[in-house]
Amino acid sequence: MDPITHLMTGACLARAGFNRKAAYAAVAMTLAAEIPDLDVLWAVNGPIAAFQHHRGWTHTFLGIPFEAAIVVGALWLFHRRGSRQATSGKPPKAPIRWGLLYCFCLIALLSHLLLDWTNNYGLRPFFPFNPRWYAGSFVFIFDPVLFLILLIALIAPSLFGLISSEVGARRPAFRGQGWAIAALLAIAALWTVRFVEHQKALQLAGAGDYNNVPVLRVAADPHPINPFRWQTVVETPRFYRISSADTLNNTVATNDPRQTIYKPPTTLATLVAKRSWLGEIYLDWSEYPVVTETDTDPDGLTTVSFRDLRFYDTPFFAGREKTPLSGNVYVNADRRVVRMEMDGRIQD
């Protein structure tokens, strides 16, 4: 999910009651809910390094205890050096409980893993013991409805607080608990609807007519807003079929002939590309990879493209020349990799 959604989820969790139990709970849970995305710092080593380490060890059950310790340790140092509450002599609204704060950070970190699991990019929570990617695939990587629910829950108490202050009402020490709990329940309800519709989309796509060709696998990827619209990918022994499923009307439509993608042949260039740094990482992550030898220039440089069909017709990226999360490997006449790029960015 996007960083703002993670931050707001942590803040909402804190307001649901955790901030009443330990000082610094709000800031700790907000930071902890986003800290796994620090793996974006790998981007300084290039786009392929960023792709390799995205949702890596910081998104694992093994990593989150250390991340929680980092957050609590930073707050402990801040507290030791003197926070505003400590220097002013004003007692904190909640008691200082470092052990409890550490547990709250673990909860916020788990919320990050849960949110990332719901979308179709996935994560590897059991890495390095189990390298398998897990993806719920029923929530888009940015969900506007979920975002709006969290935003309302965090802003509404302040707005109503302004109204109360105008009439002289006493300001409570902790505000927004009811709003936060309602938001979390609304998110659970939203996920339930999406999960059920996702299963329907899988069934609709799997039951389609593919000229008596057996269906090997089926995937359904979410629309950002409409929970009844899904992009489906059906794999057969010879081709992939990209379709649009409408679970409200129980229909599956494939109008564009380009949405039938025949499995490309294996060539020397594609074999070399698959053994490259990008190729190994991509094939480890991708569920529906299509590796194609697309072009050879007059100098004998062959382009091998990597695409994942889960992102073939991704909303918000319509009109892009290249499929999101796609890569290219360039192989010369001697069957050596001379250049690699990810999403159009060249790896130095």
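Being a predicted model, the structure only gives us computed values, none of them experimental.

### Here we look at the nonpolar core
Then step 1. Counting residues in hydrophobic clusters, the biggest one holds 23 residues, and the most contacted among them are V71, L101 and C105.
Then step 2. At the level of secondary structure, the elements contributing two or more residues to this core comprise helix 1 (3–15), helix 2 (25–32), helix 4 (64–82) and helix 6 (98–118).
Then step 3. Per element, the largest residue contribution to this core is six residues, and it comes from helix 6.
Then step 4. Core analysis: the second largest hydrophobic core is formed by 22 residues, L150, A153, W191 and A245 among them.

### Some details on the sheet that holds strand 10 (residues 345–346)
Then step 1. Strand order across the open sheet formed by five strands is 6-7-8-9-10, with antiparallel pairing between neighbours. Single-partner strands in this sheet number two, and they are strand 6 (289–296) and strand 10.
Then step 2. Pairing of strand 6 with strand 7 (residues 302–308), which is carried by seven bridges, proceeds in the antiparallel orientation. When the bridges of strand 7 are listed, T292 appears paired with S305.
Then step 3. Where helix 10 (residues 277–285) meets the sheet, its contacts fall on strand 6, strand 7, strand 8 (327–331) and strand 9 (337–342), and the angle it forms with strand 7 comes to roughly 20°.

### Re the side chain of T302
Then step 1. Position of T302 among the secondary structure elements: in strand 7.
Then step 2. Accessibility expressed as a relative area gives 3% for T302, which makes it buried.
Then step 3. Of note is the side chain of T302, whose polar atom sits 3.0 Å from the side chain of T296.
Then step 4. In this view, T302 contacts A269, E293, D295, T296, V329, Y330, V331 and R335; residues no more than four positions away in its chain are not counted.

### Topic: the side chain of Q347
Then step 1. Checked against the element boundaries, Q347 lands in the segment after strand 10.
Then step 2. Classification of Q347 as buried rests on a relative accessible area of 11%.
Then step 3. There is a polar contact of 2.9 Å between the side chain of Q347 and the backbone nitrogen of I48.
Then step 4. Those residues in contact with Q347 that lie beyond four places of it in its chain are N45, G46, P47, I48, A49, W277, M340 and E341.

### Regarding the pattern of salt bridges
Then step 1. What the rule picks out here adds up to eight salt bridges.
Then step 2. Measuring nitrogen to oxygen at the nearest pair gives 2.8 Å for the salt bridge that ties K263 to E235. Here the residue K263 occupies a position in the loop between strand 5 (260–262) and helix 9 (268–274), and E235 occupies one in strand 2 (residues 229–235), the gap between them amounting to 28 residues.
Then step 3. Given a relative accessible area of 9%, E235 falls into the buried group.

Rules used throughout
- Residues numbered from 1 in each chain as written.
- Predicted model: local features only at pLDDT ≥ 70, side-chain atom pairs only at ≥ 80, totals over all residues.
- Heavy atoms only, no water.
- Core = buried A, V, L, I, M, F, W, Y, C linked by side-chain atoms within 4.5 Å.
- Buried < 20%, exposed > 50% of the residue type's maximum accessible area, 1.4 Å probe, protein only.
- Helix = DSSP H or I, 4+ residues; strand = E, 2+ residues; numbered from the N terminus.
- Pairing = 2+ DSSP bridges.
- Contact = heavy atoms within 4.5 Å.
- Axes fitted to C-alpha atoms, helices over the stretch in contact; angles between N-to-C directions.
- Polar contact = N/O pair within 3.5 Å; in protein donor to acceptor, adjacent residues only side chain to side chain.
- Salt bridge = Lys/Arg side-chain N within 4 Å of Asp/Glu carboxyl O.

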